[in-house]
Amino acid sequence: MPRQFDLIAFDWDGTLFDSTAVIAHCIQAAVADVGGTPPTREQASYVIGMGLMQALAHAAPDVPPDLYPRLGERYRHHYLAHQNDLSLFEGVLPMLAELKGRQHWLTVATGKSRRGLDEVLRTVELSGVFDGSRTADETAGKPSPLMLHELMREFGVEPERTLMIGDTTHDLQMAVNAGCASVGVSYGAHEPDAFHALAPRHVAHSVRELHDWLRLNA
């Protein structure tokens, strides 16, 4: 099939990495640690994909700003305690390898910190897979289009040749704001009913379905 997109940008948590439940739990625990009202699972899941402090502030509106540094510290404490429980979704590596073989530029656009993303990308199985990445602490967080604008500029790719793939409305809204096409995945943080207003090309319900769609349409 002719290649439709030169640059494919993936969200990380909940799209490639099976971490949504752990992140939501860590947000709840961190808010409780600083005396705030813990968000529900749905509320904690909603903020996944935002930059860390933006997400925590949104999830804990009754926590005063002077406690945000402590809130972030407690989140990182709980996340580090669980990070060895996390892994890529089954089927992600073969999908990425096939896309790489078709000469797509593969990138990551994530709400994670640079330090956090670099830690997972240093693993042997991911060495050399991604051509570029942007994180929320080094540019504007989602749904600002700046991450995608910077990646498109880095690789010399126009918006109509760029595809954003993610599991949240933040990801899909970022694609809209950047003038790019998008694909949503329903197995992550957000319910897919909210995706349709953002006009993704497709909503995949598994990595296998995502892989199949990309093979035929990317």
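In the block above lies the structure referred to throughout.
Residues numbered from 1 in each chain as written. Predicted model: local features only at pLDDT ≥ 70, side-chain atom pairs only at ≥ 80, totals over all residues. Heavy atoms only, no water.

## Quick word on unusual backbone geometry
So, point 1. A cis geometry characterises the amide bond from Lys142 onward to Pro143, with omega recorded as 10°.
So, point 2. Note that Pro143 resides in the loop between strand E3 (132–135) and helix H7 (146–155). (Helix = DSSP H or I, 4+ residues; strand = E, 2+ residues; numbered from the N terminus.)

## Some words on the nonpolar core
So, point 1. In terms of nonpolar packing, the biggest core is built from 53 residues, with Phe10, Trp12, Ile27, Phe130, Ile165 and Leu214 touching the most fellow members.
So, point 2. In terms of residue count, helix H1 (residues 20–33) provides more of this core than any other element does, seven residues in total.
So, point 3. Beyond its immediate chain neighbours, meaning those up to four positions away, Ile165 contacts Ile8, Ala9, Phe10, Asp11, Thr15, Val183, Val185, Leu210 and Leu214.
So, point 4. Counting residues in hydrophobic clusters, the runner-up holds 15 residues, among them Met147, Leu148, Met152 and Phe155. (Core = buried A, V, L, I, M, F, W, Y, C linked by side-chain atoms within 4.5 Å. Buried < 20%, exposed > 50% of the residue type's maximum accessible area, 1.4 Å probe, protein only. Contact = heavy atoms within 4.5 Å.)

## Focus: the pattern of salt bridges
So, point 1. Here the structure, examined in full by the defined rule, presents 16 salt bridges.
So, point 2. For the salt bridge of Arg74 with Asp33, the shortest nitrogen-to-oxygen distance reads 2.9 Å. One end of the pair, Arg74, is in helix H4 (residues 68–82); the other, Asp33, is in helix H1, with 41 residues separating them in the sequence.
So, point 3. Classification of Arg74 by relative accessible area gives buried; the value is 18%.
So, point 4. Notably, a salt bridge pairs Arg215 with Asp212, separated by 3.1 Å at the nearest N-O pair. Here Arg215 pairs with Asp212, and both are found in helix H9 (residues 207–217), just three residues apart, close to one helical turn. (Salt bridge = Lys/Arg side-chain N within 4 Å of Asp/Glu carboxyl O.)

So yeah, pure geometry; function would need other evidence.
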